[in-house]
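Residues per chain, in single letters:
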Amino acid sequence: MDIYNDPNPAGYSGNIMRVEAKGIADGISTFKFLVSLITWYNILFEINITSKLLQNKNADIFVCTKQLEVTKNYLVSCRSDENFEKNLSDATLLANELDIDANFPNAPSRRRKIKKQFDYEAEGVSIQDPKQNYKISFYYMIIDNAVNAIQERFNQMQEYCALFGFLYDIFNLKDKNEADILMQCKKFESALTHNSCKDINGEDLCWELQSVSRRLPKVMGPSEVLLFILRHDLQNSVPNIYVALRILLTLPVSVASGERRFSRLKLIKTYLRSTMTEERLVGLATISIEQELAYNLDLCELISLFAQEKARKVAF
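Residues numbered from 1 in each chain as written. Predicted model: local features only at pLDDT ≥ 70, side-chain atom pairs only at ≥ 80, totals over all residues. Heavy atoms only, no water.

S.K.: Got a minute to help me understand the overall build of the protein chain in this structure?
M.R.: The helix and strand inventory of the protein chain stands at 14 helices and two strands. When the 316 residues of the protein chain are sorted by exposure, 27% land in the buried category. Total accessible area computed for the protein chain in this model is approximately 22600 Å², and 55% of it derives from carbon and sulfur atoms. (Helix = DSSP H or I, 4+ residues; strand = E, 2+ residues; numbered from the N terminus. Buried < 20%, exposed > 50% of the residue type's maximum accessible area, 1.4 Å probe, protein only. Areas by Shrake-Rupley, 256 points an atom, 1.4 Å probe, with all protein chains shown as cover.)

This is the structure we're talking about:
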């Protein structure tokens, strides 16, 4: 409103800014905007927590699947009249503080006529109550779209969990039925088979899992089991578990980490460095990506080693 009330706008562009500022101020000073603001805040706050967990480089599929399920259940619970009324109540309190009318604007008196394509179609009836219209056309639609987006990701994670889930609790496999373990291993073998090439053998994997489960000192995650195998030099004795765990631990839960790495290229290859060779570009990219290791390098020692290797001594 300060821009709109400015008595001395700067020329023609200043008048346009005043009109735009007035329109924005009128738009955000409505009860409908406050309800929408609270609705988006509640949804995005929950999604942001799950998004941060999915972007964690140490996150695994099992934990992320549980987090997606929690987020999905929360969004489904939001699609109710009770939750909608709660948002209205919160928006009313905020509207009273900002001195805004806590009511939805009335719908236009002229009803929109929807043309029927077929004779058996019913007459289109528009919703006259502005509150009910907002709940159906905006509130429910936003939540339904969010639930559908989460469901698509959740289904993909569930498929991975159904395939790799038994590898998250190897310690307790010694107490389970051997037939069930063998069936899961056969399913796992089939998923990792391409034409006649197989990454693992299901029957051997079943025996190896039972053997390793008896040797584990406590309940361990996949990464801990892999370190246990390497620490005791068992990778040649249980090659199928070794391969299965490596595949499981290299499955990307999200592509956020990889996208951040590729974005470094724009910071390195600028218009001033457009003619650099590929070897130098790869070197600079490695330094930028592994900057934590680069900061810990002793440059003086590296310069001394480089000078010793490259210096040419002239004999007199």
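And the narrative resumes.
S.K.: Help me out: how do you make sense of a nonpolar patch on the surface in this one?
M.R.: A surface patch of nonpolar side chains, amounting to about 500 Å² of accessible area, comprises Leu297, Leu299, Leu302, Ile303 and Leu305. Position of Leu302 among the secondary structure elements: in helix H14 (residues 299–310). (Patch = residues over 30% accessible without salt bridge, like charges linked within 9 Å, V, L, I, M, F, W, Y side chains within 5 Å. Salt bridge = Lys/Arg side-chain N within 4 Å of Asp/Glu carboxyl O.)

S.K.: Explain the side chain of Glu46 to me, please; I cannot follow it from the model alone.
M.R.: For Glu46, the position within the fold is in helix H2 (residues 31–55). When near neighbours in sequence (up to four residues on either side) are disregarded, Glu46 contacts Val70, Thr71 and Tyr74. (Contact = heavy atoms within 4.5 Å.)

S.K.: Sorry if this is basic, but what is going on with the nonpolar core here?
M.R.: The nonpolar side chains of a soluble globular protein tend to be buried, and buried together. In terms of nonpolar packing, the biggest core is built from 56 residues, with Leu167, Ile170, Phe188 and Leu209 touching the most fellow members. When contributions to this core are tallied by element, the ones reaching two or more residues are H2, helix H3 (61–78), helix H4 (81–97), helix H5 (130–164), helix H6 (178–191), helix H7 (202–215), helix H8 (222–231) and helix H9 (239–249). With near-sequence residues (within four places) excluded, Leu167 lies in contact with Phe188, Leu209, Pro222, Ala244, Leu245 and Leu248. (Core = buried A, V, L, I, M, F, W, Y, C linked by side-chain atoms within 4.5 Å.)

S.K.: I keep staring at the pattern of salt bridges and nothing clicks. Help me out?
M.R.: Throughout the structure, instances matching the rule amount to six salt bridges. As a salt-bridge pair, Glu203 and Lys186 come within 3.5 Å of each other at their nearest N and O atoms. Placement of Glu203 in helix H7 and of Lys186 in helix H6 is noted, with a sequence separation of 17 residues between them. Note on Glu203: relative accessible area 43%, which makes it partly exposed. Residue Lys186 is classed as partly exposed on the basis of its relative accessible area of 37%. Ionic pairing is found between Glu189 and Lys198, a salt bridge with its closest N-O pair at 2.9 Å.

S.K.: For this particular structure, what's the right way to read the side chain of Ser36?
M.R.: Among the structural elements, Ser36 can be located in helix H2. Here Ser36 falls in the buried class, since its relative accessible area comes to 13%. There is a polar contact of 2.9 Å between the side chain of Ser36 and the backbone oxygen of Lys32. Not counting chain neighbours up to four residues away, the residues in contact with Ser36 comprise Tyr134 and Phe138. (Polar contact = N/O pair within 3.5 Å; in protein donor to acceptor, adjacent residues only side chain to side chain.)

S.K.: Quick question: what am I supposed to make of the packing of aromatic side chains here?
M.R.: In this description, a pair of aromatic rings is defined by centroid distance and the angle of the planes. Summed over the entire model, instances satisfying the criterion amount to seven aromatic pairs. Here the aromatic cluster, defined as three or more aromatic residues joined through ring pairs, consists of Phe84, Tyr134, Phe138, Tyr139 and Tyr140. Directly above the aromatic system of Tyr140 lies the positively charged group of Arg79, at a separation of 4.2 Å from the ring centroid. Cation over ring: Lys174 sits above Phe171, and NZ or CZ is 3.4 Å from the ring centre. (Phe/Tyr/Trp six-rings, centres within 6.5 Å; stacked < 30°, edge-to-face > 60°. Lys NZ or Arg CZ within 6 Å of the ring centre and 35° of its normal.)

S.K.: Teacher, can you tell me more about the packing of H2 against H5 here?
M.R.: In helix packing, the relevant descriptors are the interaxial angle and the interaxial distance, both defined with respect to the helix axes. Axis separation between H2 and H5 bottoms out at 11 Å; the angle between their running directions is 5 degrees. Here H5 runs roughly parallel to H2, going by the angle between their axes. Across the interface between the two elements, Lys32, Val35, Ser36, Thr39, Trp40, Ile43 and Leu54 of H2 pack against Tyr134, Phe138, Tyr139, Ile142, Ile143 and Arg153 of H5. Split by residue class, the contact of H2 with H5 holds nine nonpolar, two polar and two charged. (Axes fitted to C-alpha atoms, helices over the stretch in contact; angles between N-to-C directions. Parallel < 35°, antiparallel > 145°, perpendicular 65-115°, else oblique. Nonpolar A, V, L, I, M, F, W, Y, C, P; charged D, E, K, R; others polar.)

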